[in-house]
Number of protein chains: 2
Amino acid sequence: MKKLVNKVDDAVVESLAGLCAAHSDLIRFLPEYKTVIRADTRTRSAKVAVISGGGSGHEPLHCGCVGFGMLDAACAGEIFTSPTPEQICEAVRAADGGKGVLLLVKNYTGDVMNFQMASDILRAEGREIEQVIIDDDVSVKDSTWTAGRRGVAGTFLAEKIVGAGAESGTALGELKELAERVNANVRTMGVALTSCTVPAVGKPTFDLPDDEIELGIGIHGEPGRERMKLAMSREMVEYLANAVLDDLPFNEGDEVLAFVNGMGGTPLSELCIVYGDLKKILDGRGIITTRSLVGNYVTSLDMQGCSITVMKLDAMSRALWDYPVQTPALRWGR
Amino acid sequence: MKKLVNKVDDAVVESLAGLCAAHSDLIRFLPEYKTVIRADTRTRSAKVAVISGGGSGHEPLHCGCVGFGMLDAACAGEIFTSPTPEQICEAVRAADGGKGVLLLVKNYTGDVMNFQMASDILRAEGREIEQVIIDDDVSVKDSTWTAGRRGVAGTFLAEKIVGAGAESGTALGELKELAERVNANVRTMGVALTSCTVPAVGKPTFDLPDDEIELGIGIHGEPGRERMKLAMSREMVEYLANAVLDDLPFNEGDEVLAFVNGMGGTPLSELCIVYGDLKKILDGRGIITTRSLVGNYVTSLDMQGCSITVMKLDAMSRALWDYPVQTPALRWGR
């Protein structure tokens, strides 16, 4: 295993400390709780706090999504491990300004359980807490770590749009409905060319022969739908895009955001080829792509591969996508 | 070799087409000349055109740097191969609005020769052309493909700052001086954990044992200073940072931008660990880091590794770094 790390046990904390040091204008690190909060807390009392968290290894999700127009706080578990209820409670206590809190939770058994326990504790403190589960992965129904569908790259879009909704003053009840609507309108499926390697394990999570790929891969290396021989980009993209588009389904005339997400070890140049192939399929179906995103946003450590996400847009979600944002992962237009 | 590509021969054009499709609000693709220009050409006649180009495989450099506040056009050669004089001429003809053209050229023999030939042709057409060579890599003096130092990650900073200078109305002569000053104040050195794999070759460019790293690596996999056993991040960073900081040299009290650049296959979480280690060294030397950048910006295909760049800032370069920018690679604050 070759990684840019010091002691493996310190990797999560050191990575978050480095992220916060590089973006000290935007975020602050609370190392005791592996929690990142906004540096600018002036707006705290004026808005609903949007908070997320999850296992590490998916950077820049979630801690890189803290900042103006996106999350108010995020807490990080160990690699591929849910944060504890205590961490989630501390993230909420650090960011709750009294207008209520919306928790965005990826659908994994550990995350769902720990966020639920935290919600119970926080409500008992008199806080107003709502949560929405994100489950955009169409590839498998139940998986290694999930009852129901997994939450994957669609989470990043949800954090952007819901975060913008909160920033623009949307109240908690309506914000929860917005988050549910985003989740209802977003679908994702991924492909792995190689396994990731968890630092503490030191060897690849799964074996994938040199001439095979895994379709429907999870972001922790969980099994997908099937393996096939290494194919051209357009064949892989067709498989993924058809599964995604037929699931909602997306129809001719629908307006969408198309998102090609890298798994961490795949360079931008390849993701752009995938985007070009995806765009042709969307055009061919008469689906109108008005927004797009291409890059490594919801990763799986050093895995090579990508996922394809398509989200139906309406006037509100489009405006909130365009809304100013200032985070390590995404910044524009303030 | 596992890559998200279709036919290997089409990879460069398909990748650029995908980049432009994903950012059609910002850029347009001229496929015949593998050139990317700004979508918004309204400002063309009001400013000096800043243009760059080079071999493919370093994305988002250079074509992802086209847009408001950075480049006006960029042309791409094949993987690790200079663009032809004809391509460079066409990029200039497409973007020159009559206020002069500044070419930013990485110091590789092929690039320098072809940009020089293009400059001669373009001057003969009556155009006002200046060029500045970027050679920020401290690791080796002459290398496989270079007389003198190589141009590496510092090029990205030069394109940002010089592009902002042009956008804000700086005239050609002064802009050339600015580019020379940026180059004089920026130093870089990189490390490879793995080789890159050129698609048309299909196997790693060089052999690097599982327990070794190459210090001073070039962005095409050219040999560096030395190999050593795989070490902790802070040991690698100390080696690179000392070489970079002692070269200019950077002194106590200097204000700098610190840039940790990924080589393409290294995830953000690891680059953040490197940034944290670099920041400690800068702090320890009393060097004041007021700006930073962490991510994959000047890559070497799928190579794992990173480079460390430090640039001395003054009031002007700091303001130009902060200047609004809207490109695929970088966008903020307009």
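Note that this is a predicted model, so its numbers are computed, not measured.

1. Overview of the overall build of chain A
Per the secondary structure count, chain A includes eight helices and 14 strands. In terms of overall size, chain A behaves like a compact globule, its C-alpha atoms giving a radius of gyration of 19 Å where 334 residues would be expected to give roughly 20 Å. Across its three principal axes, chain A shows a C-alpha extent of roughly 55 × 50 × 35 Å. Scored against the burial criterion, the 334 residues of chain A give a buried share of 64%.

2. Regarding the sheet that holds strand 7 (residues 186–192) of chain A
Residues and elements named next belong to chain A. Taken in spatial order, the six strands of this open sheet run 9-8-7-12-10-11, and their pairing is mixed. Only two strands of the sheet have a single partner each, and these edge strands are strand 9 (226–229) and strand 11 (288–295). The mean inter-strand angle of the sheet, taken between neighbouring strand axes irrespective of direction, is 20°. Helix 4 (residues 154–167) rests against strand 7, strand 10 (255–262), strand 11 and strand 12 (305–312) of the sheet, and its axis sits at about 45° to strand 12.

3. As for the environment of Leu330 of chain B
All names here are of chain B. Structurally, Leu330 can be placed in the loop between strand 13 (325–326) and strand 14 (331–332). Look at Leu330 and you get buried, because its relative accessible area is 4%. C-alpha of Leu330 to C-alpha of Tyr297: the two residues are 33 residues apart in sequence and 9.3 Å apart in space.

4. Brief notes about the relation of the copies chain A and chain B
By a simple turn and slide, chain A fits onto chain B: the slide is 0.0 Å along the axis, the RMSD is 0.0 Å, and the turn is 180°. Here the transformation between the copies is reduced to the relation of a two-fold axis.

5. Notes on the interface of chain A and chain B
A common way to state how big an interface is: give the accessible area lost once the parts meet. In this assembly, 54 residues from chain A lie in contact with 54 residues from chain B. With both chains or domains summed, chain A and chain B bury close to 4300 Å², and 60% of this area falls on carbon and sulfur atoms. It is Lys2, Leu4 and Asn6 of chain A that lose the most area in chain A upon contact with chain B, and together they represent 21% of the buried surface on that side. The interface formed by chain A and chain B includes four salt bridges.

Procedures and definitions
Residues numbered from 1 in each chain as written. Chains lettered and ligands numbered in written order. Predicted model: local features only at pLDDT ≥ 70, side-chain atom pairs only at ≥ 80, totals over all residues. Heavy atoms only, no water. Helix = DSSP H or I, 4+ residues; strand = E, 2+ residues; numbered from the N terminus. Rg over C-alpha atoms; globule rule 2.2 N^0.38 Å. Buried < 20%, exposed > 50% of the residue type's maximum accessible area, 1.4 Å probe, protein only. Pairing = 2+ DSSP bridges. Axes fitted to C-alpha atoms, helices over the stretch in contact; angles between N-to-C directions. Contact = heavy atoms within 4.5 Å. Least-squares fit on C-alpha atoms with pLDDT ≥ 70 in both. Buried area = accessible area lost by both parts, 1.4 Å probe. Salt bridge = Lys/Arg side-chain N within 4 Å of Asp/Glu carboxyl O.

This is a description of form; function is not addressed.
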